[in-house]
Every structure is written in structure tokens, then in C-alpha cells.
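Chain by chain, the residues:
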Amino acid sequence: MEHKTMTCIICPMGCQLTIETEESDILSISGNTCPRGIEYAKRELTDQRRTLTSTVSVSGGELPLVPVKTAQEIPSKLLLPSMEIIRRCHISAPVKRGDIIIPDILGTGIPVIACADVPVTNKETASV
């Protein structure tokens, strides 16, 4: 039997969870003050997922980069390969918050979306 500990990050309580496992079976989860802690621990042990945040290069915009994120959590094992795809991505202004930048990251069905507006560079102000 193996004992694991983790801090639940679902709410501000930050409960210290203790998980007992045997091979790949979860025997017990304790330390949670709400049911969400149990679901968090199960997901962390069986299918870790994270929301990926990054930036994408923008051409012709008032800013050179736009912040982006995955619309939902993706499997943790896909974080680095997803970052490589995002790193190679270049878009043109204008960009609006909520625009889909990459429609389906690595076949997950989850889009990467813009988190801010990037208007087109005003050529009159840019040349001054």
C-alpha cells in the first residue's frame, strides 16, 4: 500500500489530501472538507489536465503578442507538444478577445483562444 499527499487546488481552502493506493487502485481519499476534493484527487491520479496559457505572435498589431489559452483543460502529457505548435503560430491583426487562434490543438477538439484584443497598428502614430 502506498500513501500519497497532495494539496487540493479546487477552492481556496487548500485541503491536504491523503490518498492510499495499491498498484493503480485508489483505496481511500481523506482530508477533504468538500466532495470536490475527492474528484480532484481522482482526476490528478488518473487523468491530469491543465489549462494551457501562452502567447502568439501578431503581425501588424499595436502589440507584438496576444495572450492565448486553451478553452478547456488538456491532458498534461500534451502541454509541451501544444507549446511547440503555439510557438510556431503567427497571426495578423486585428485580433479580438475570444477569437479562435487554433481550432483543435493536437486532435483534442479543444480550441486555443485569444484572451485580449490587439488592434491594427495606426500607421499615422507608428511613423511619428
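As shown above, the structure is provided for reference.
Residues numbered from 1 in each chain as written. Predicted model: local features only at pLDDT ≥ 70, side-chain atom pairs only at ≥ 80, totals over all residues. Heavy atoms only, no water.

K.L.:
Just give me the short version of the sheet that holds strand β5 (residues 53-59), but keep the residues and values in it.
P.N.:
Within the open sheet, the five strands sit side by side as β8-β5-β6-β10-β9. Their pairing is mixed. Each of the sheet's edge strands pairs with one partner strand only, and the pair in question is β8 (90-92) and β9 (100-102). Between one strand and the next, the sheet's axes are offset by a mean angle of 45°, whatever the strand orientation. In terms of strand pairing, β9 meets strand β10 (residues 112-114) through two bridges, oriented antiparallel. Its bridge partner lying in β10, I102 is registered against V112. Relative to the sheet, helix α2 (residues 79-88) contacts β5, β6 (65-70), β8, β9 and β10, its axis offset from that of β5 by approximately 15°. (Pairing = 2+ DSSP bridges. Helix = DSSP H or I, 4+ residues; strand = E, 2+ residues; numbered from the N terminus. Axes fitted to C-alpha atoms, helices over the stretch in contact; angles between N-to-C directions. Contact = heavy atoms within 4.5 Å.)

K.L.:
Outline the environment of T5, supporting the account with residue identities and numerical values.
P.N.:
Structurally, the position occupied by T5 is in strand β1 (residues 2-7). C-alpha separation for the pair T5 and T121, spaced 116 residues apart in sequence, amounts to 51 Å. The contacts of T5, once residues within four sequence positions are left out, are L17 and T18.

K.L.:
With reference to specific residues and values, describe the sheet that holds β1.
P.N.:
The strand order across the open sheet built from three strands is β1-β2-β3, with neighbouring strands paired in antiparallel fashion. With one partner strand each, in any of the chains shown, β1 and β3 (25-30) form the two edges of the open sheet. Strand after strand, the sheet turns through a mean of 25° between neighbouring axes, direction not considered. By the bridge criterion, six bridges tie β1 to strand β2 (residues 16-22) in an arrangement that is antiparallel. Across the sheet, H3 pairs through a bridge with E20, a residue of β2.

K.L.:
Before we move on, could you go through the nonpolar core and cite the residues and values that matter?
P.N.:
Of all hydrophobic cores here, the largest spans 19 residues; its most connected members are V56, V66, I86, I91, V95 and I101. Contributions of two or more residues to this core are made by β5, β6, β9 and β10. Among all residues touching I86, those that are not within four sequence positions of it are L52, S54, T55, V56, V68, I102, I105 and V112. Within the second largest apolar cluster, eight residues are counted, among which are C8, C15, I19 and Y40. (Core = buried A, V, L, I, M, F, W, Y, C linked by side-chain atoms within 4.5 Å. Buried < 20%, exposed > 50% of the residue type's maximum accessible area, 1.4 Å probe, protein only.)

K.L.:
Hey, could you go over helix α1 (residues 35-46) for me, with residue numbers and the actual values?
P.N.:
With twelve residues, α1 should cover 16 Å at 1.5 Å per step; its first-to-last C-alpha distance of 17 Å lies within 8% of that length. If you check which residues of α1 are buried, you get G37, Y40, A41 and E44. With its buried residues spanning 95° around the axis, α1 presents them on a single face. Turned more than 90 degrees from where α1 packs its buried face, P35 and T46 sit exposed. Against β1, β2, β3 and β4 (49-50) lie the buried residues of α1. (Expected span 1.5 Å × (residues − 1). Arc of directions from axis to C-beta.)

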